[in-house]
Amino acid sequence: LDAQGWFDVGHGITGGEINADGFWTPTVQLSGHYVWSPPPAAGRQAIDQLSLSRHKRPTLTHVFLCPRLFTAIWRKRLYKIADCVFEIPAGARYFWPSSKYEPLTVGLILPLTLSYPWQLRRSEPVLALERALRQVWHDPN
């Protein structure tokens, strides 16, 4: 998503129309996957909109990608809303070369469940996934 998409597309709004009373009603997408890749200085604003989107549309899946810069502004908030957070070191793979210098922070925000505990954040499968992903980036082979 680009910065304009944070306020509508990122919230699951795909358009809209004027109803019979003359009011604009949005067309809402109830499932979808969104990739948020803000510049580091705008990370806090993107996470604020991501938090609103998760609250409004709990069935959407989001991936947050941002270089590890200005983390004092947005990292704490990311850890609060994301189900899984990991970092990809610079130069670890072809898509994030060492010329980027800083690791890439990745946050996975999964849909909320229909029953308790509502979030998958601390469930055993998600914790196992997070451990496995961290091991992938630190394994030299």
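The following refers to the structure shown.

A few words now on helix 1 (residues 43–56). Over its 14 residues, helix 1 runs 20 Å from end to end, which matches the ideal 20 Å to within 8%, given 1.5 Å per residue. For helix 1, the full list of buried residues reads Gly 43, Ala 46, Ile 47, Gln 49, Leu 50, Ser 51, Ser 53 and Arg 54.

The strand order across the open sheet formed by four strands is 3-4-6-5, and the pairing between neighbours is mixed. In the strand order of this sheet, the two ends are held by strand 3 (33–36) and strand 5 (84–88), each with one partner. Taken over all neighbouring pairs, the strand axes of this sheet differ in orientation by 15° on average, direction set aside. As defined by bridge partners, strand 4 (residues 61–67) adjoins strand 6 (residues 104–109) across six bridges and the pair is classed as antiparallel. Paired with Pro 67 across the bridge in strand 6 is Leu 104.

On to the nonpolar core. One finds Trp 36, Ile 47, Leu 50, Phe 64, Trp 74 and Leu 78 to be the most contacted residues of the largest nonpolar core, which totals 16 residues. Elements that contribute at least two residues to this core include exactly strand 3, helix 1, strand 4 and helix 2 (71–81). Leu 50 has contacts with Trp 36, His 62, Phe 64, Ile 81 and Ile 109, leaving out every residue within four places of it along the chain. Core analysis: the next-biggest nonpolar cluster, separate from the first, contains ten residues, Leu 104, Val 106, Val 126 and Leu 133 among them.

Quick look at the pattern of salt bridges now. As enumerated under the stated definition, the model contains eight salt bridges in all. Between Glu 124 and Arg 131 there is a salt bridge, with the nearest N and O atoms lying 3.0 Å from each other.

Looking now at the side chain of Thr 105. Positionally, Thr 105 belongs in strand 6. The class for Thr 105 is buried, based on a relative accessible area of 1%. Apart from the residues lying within four places of it in its own chain, the contact partners of Thr 105 are Phe 64, Leu 65, Cys 66, Arg 68, Trp 74, Leu 78, Val 85, Phe 86 and Glu 87.

Residues Leu 69, Phe 70 and Ile 73 make up a contiguous nonpolar surface patch of roughly 270 Å² in combined accessible area. In this fold, Phe 70 is placed in the loop between strand 4 and helix 2.

Rules used throughout
- Here the residue numbers are simple positions, counted from 1 along each chain's written sequence.
- The predicted nature of this model means local features are confined to residues of pLDDT at least 70 and side-chain atom pairs, given and counted, to a pLDDT of 80 or more, with totals for whole chains, interfaces and linings taken over all residues.
- Values shown for side chains rest on all heavy atoms present in the structure; no hydrogens or waters enter the calculation.
- Helix and strand definitions here come from DSSP, where helices need a minimum of 4 consecutive H or I residues and strands a minimum of 2 consecutive E residues; each element is numbered from the N-terminal end.
- How far a helix is expected to stretch is found by multiplying one less than its residue total by 1.5 Å.
- Relative accessibility decides the category of a residue: with a 1.4 Å probe and only protein chains considered, values under 20% of the type maximum give buried, values over 50% give exposed, and everything between is partly exposed.
- Think of it this way: DSSP has to see at least two bridges between two strands before they count as a pair.
- Here the axes come from fitting lines to C-alpha atoms, over the contacting stretch only for helices, and the angles between their N-to-C directions go from 0 to 180 degrees.
- Nonpolar core, defined: a set of buried Ala, Val, Leu, Ile, Met, Phe, Trp, Tyr and Cys residues in which side-chain atoms within 4.5 Å join the residues together.
- We call two residues contacting when some pair of their heavy atoms lies within 4.5 Å.
- Between Lys or Arg on one side and Asp or Glu on the other, a salt bridge is scored when a side-chain nitrogen of the former is within 4 Å of a carboxyl oxygen of the latter.
- Patch building starts from residues that exceed 30% relative accessible area and form no salt bridge, then joins like charges within 9 Å and nonpolar side chains (Val, Leu, Ile, Met, Phe, Trp, Tyr) within 5 Å.
- The accessible surface values rely on the Shrake-Rupley method and a 1.4 Å probe; as for residues, cover is taken only from the protein chains in view.

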